[in-house]
Amino acid sequence: GQNIDQPTEMTATEGAIVQINCTYQTSGFNGLFWYQQHAGEAPTFLSYNVLDGLEEKGRFSSFLSRSKGYSYLLLKELQMKDSASYLCAVKGGDYKLSFGAGTTVTVRA
Amino acid sequence: TAGITQAPTSQILAAGRSMTLRCTQDMRHNAMYWYRQDLGLGLRLIHYSNTAGTTGKGEVPDGYSVSRANTDDFPLTLASAVPSQTSVYFCASSRDGGEGANVLTFGAGSRLTVL
């Protein structure tokens with residue numbers, strides 16, 4: 001089975017940095033994804049890591065350590081529109097995505 | 001705009017009734033998926049299809065069936081709905097279902113309430 005853990009909620013101030021951690025134990029590994037989901041909307045793709053290291057995309061960065069079963073999503077220069085749920089998902093040995101329960105980030109002015 | 005269309009957006013259903021959630025994509029993606037999303041549990045895979053004519057069971061398939069008669073359509077049927085099937089259902093697609101990034105594109109979701 002798949003076990004993916006991430007914090008339930010985080011709060012940060014506009015302009016600040018927030019790091020969302022994700023740990024996983026899965027049957028096989030074929031990549032880790034982060035999705036963003038605004039309330040009442042569909043998830044949208046943010047990032048993909050399959051090799052160890054940091055992937056940077058503008059204000060968002062994602063890090064992966066396969067040996068530790070660990071990833072984080074870093075959100076810099078937070079804006080109000082970044083208030084959303086962030087979903088960590090792992091593609092296992094069967095090539096199917098398993099999702100964590102999501103981390104709700106609230107950005108305060 | 002290319003993407004995934006789900007219908008209905010919202011539905012209230014009496015327990016024991018049947019219901020089909022519709023999903024259509026126009027991106028010519030080979031793989032399609034049905035997930036349900038429940039508070040505190042995240043997205044869970046119900047059924048998937050890697051290509052037209054084939055389907056497979058996900059993590060929580062009981063009580064649901066799917067078909068994939070062509071590339072574009074992937075309906076999800078509840079033969080006899082029960083209250084535990086109250087959820088938000090997301091249809092998704094990806095170029096392929098194997099290795100590689102194969103990013104999922106999601107539909108807007110169908111909110112189903114079973115009373």
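Everything in this summary refers to the structure shown in the same document. (Residues numbered from 1 in each chain as written. Chains lettered and ligands numbered in written order. Predicted model: local features only at pLDDT ≥ 70, side-chain atom pairs only at ≥ 80, totals over all residues. Heavy atoms only, no water.)

1. What to know about the sheet that holds strand 8 (residues 70-75) of chain A
Residue and element names in this part refer to chain A. The five strands lie next to each other as 1-3-8-7-6, forming an open sheet whose pairing is antiparallel. Here the strands that pair on one side only, and so sit at the sheet edges, are strand 1 (3-5) and strand 6 (53-57). Ignoring strand direction, the axes of neighbouring strands in this sheet form an average angle of 15°. (Pairing = 2+ DSSP bridges. Helix = DSSP H or I, 4+ residues; strand = E, 2+ residues; numbered from the N terminus. Axes fitted to C-alpha atoms, helices over the stretch in contact; angles between N-to-C directions.)

2. Some words on the sheet that holds strand 8 (residues 76-78) of chain B
All names here are of chain B. The strand order across the open sheet formed by four strands is 1-3-8-7, and the pairing between neighbours is antiparallel. Each having just a single partner strand, strand 1 (4-7) and strand 7 (64-66) make up the two edges of the open sheet. The mean inter-strand angle of the sheet, taken between neighbouring strand axes irrespective of direction, is 15°. Pairing of strand 1 with strand 3 (residues 19-25) involves four bridges; the strand directions are antiparallel. Pairing of Q6 across the sheet is with C23, part of strand 3.

3. Re the pairing of strand 5 (residues 44-49) of chain A
All names here are of chain A. Relative to strand 5, strand 4 (residues 32-37) is paired through five bridges, and the arrangement is antiparallel. Within strand 5, the residue paired with W34 across the bridge is S47. Counted along the chain from strand 4 to the antiparallel partner strand 5, the turn is six residues long, and its residue G40 has a positive phi close to 75°.

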